[in-house]
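As a plain string of letters, each chain reads:
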Amino acid sequence: QVQLVESGGGLVQAGGSLRLSCTASGRTFSNYNMGWFRQAPGKEREFVAAISRSGSRTWYSDSVKGRFTISRDNAKNMVYLQMNSLKPEDTAAYYCAADRGRVPIYDGVEYDSWGQGTQVTVSS
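Here's a quick rundown of the structure.

## Some remarks on the environment of Pro-41
Considering the arrangement of structural elements, one finds Pro-41 in the loop between strand 4 (33-39) and strand 5 (46-51). Linking Pro-41 and Ala-93, residues 52 residues apart in sequence, is a C-alpha distance of 8.5 Å.

## Focus: the sheet that holds strand 7 (residues 68-73)
Reading across the sheet, the four strands line up as 1-3-8-7 and stay open at both edges, with antiparallel pairing between neighbours. Across the chains shown, the open sheet's two edge strands, defined by having one partner strand only, are strand 1 (4-7) and strand 7. With direction set aside, neighbouring strand axes in the sheet form an average angle of 15°. Inspection of the sheet shows strand 3 (residues 18-24) paired to strand 8 (residues 78-83) by six bridges, in the antiparallel sense.

## Overview of the state of the cysteines
Applying the stated rule across the entire model yields one disulfide. Between the sulfur atoms of Cys-22 and its disulfide mate Cys-96 the distance is 2.0 Å. Measuring handedness by torsion sign, the sulfur bridge of Cys-22 and Cys-96 sits at about 55° and is right-handed. With Cys-22 in strand 3 and Cys-96 in strand 9 (residues 92-99), this residue pair connects regions lying 74 residues apart in the sequence. For the pair Cys-22 and Cys-96, one class covers both residues: buried.

## Some remarks on the packing of aromatic side chains
According to the stated counting rule, one finds four aromatic pairs in the structure shown. Both rings, one in Phe-37 and one in Tyr-111, keep their centres 6.1 Å apart while their planes meet at 35°; by these two values the pair is tilted. With Phe-37 in strand 4 and Tyr-111 in the loop between strand 9 and strand 10 (113-114), the pair connects residues that are 74 residues apart, well separated along the chain. Assessed through its relative accessible area of 5%, Tyr-111 is described here as buried. Linked through ring pairs, Phe-37, Phe-47, Tyr-111 and Trp-114 together constitute an aromatic cluster. Positioned over the ring face of Trp-114 is Arg-45, at 3.7 Å from the centre of the ring. Positioned over the ring face of Phe-29 is Arg-72, at 4.4 Å from the centre of the ring.

## Concerning unusual backbone geometry
For Asn-77, which is not a glycine, the phi torsion comes out positive at approximately 55°. Along the chain, Asn-77 falls in the loop between strand 7 and strand 8. Even without glycine at this site, Ser-85 takes up a positive phi of about 50°. Inspection of the secondary structure puts Ser-85 in the loop between strand 8 and strand 9.

## Brief notes about the nonpolar core
The biggest cluster of nonpolar side chains holds 27 residues, and the ones touching the most others in it are Met-34, Trp-36, Leu-81 and Tyr-94. Those residues in contact with Met-34 that sit more than four places away from it in its chain are Leu-4, Cys-22, Phe-29, Ala-50, Ile-51, Ile-70, Arg-72, Val-79, Ala-97, Ala-98 and Pro-104. Core analysis: the second largest hydrophobic core is formed by eight residues, Phe-37, Phe-47, Ala-97 and Tyr-111 among them.

Calculation rules
Residues numbered from 1 in each chain as written. Predicted model: local features only at pLDDT ≥ 70, side-chain atom pairs only at ≥ 80, totals over all residues. Heavy atoms only, no water. Helix = DSSP H or I, 4+ residues; strand = E, 2+ residues; numbered from the N terminus. Pairing = 2+ DSSP bridges. Axes fitted to C-alpha atoms, helices over the stretch in contact; angles between N-to-C directions. Disulfide = S-S within 2.5 Å. Buried < 20%, exposed > 50% of the residue type's maximum accessible area, 1.4 Å probe, protein only. Phe/Tyr/Trp six-rings, centres within 6.5 Å; stacked < 30°, edge-to-face > 60°. Lys NZ or Arg CZ within 6 Å of the ring centre and 35° of its normal. Core = buried A, V, L, I, M, F, W, Y, C linked by side-chain atoms within 4.5 Å. Contact = heavy atoms within 4.5 Å.

Note that all results are geometric; they support no functional claim without further evidence.
And the structure:
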């Protein structure tokens, strides 16, 4: 199973931008659908964005559509989340997820692999 490590989180002012990265181990990264989820304090984990194996299709939650962009580079075994026009309500721990058969777009599902998370804090 693929191992995932997120990076790129930090503190940013409202209206600013961050790019999160998720690095996957193994030689079969292109076999996995990838997604990003987030979890704010006291709340359940929620879907943010997802991308198909080839990168040809993407999905977004309504709350981030038009502001966030998910992409992947299969040659580098990496998936990215470009986050623009950040809002305080985007503050959360962000996790990447991988699944061979399912596109990770649903909350409350334990997909094949999860990263450890990276914290994003947006100040007002």
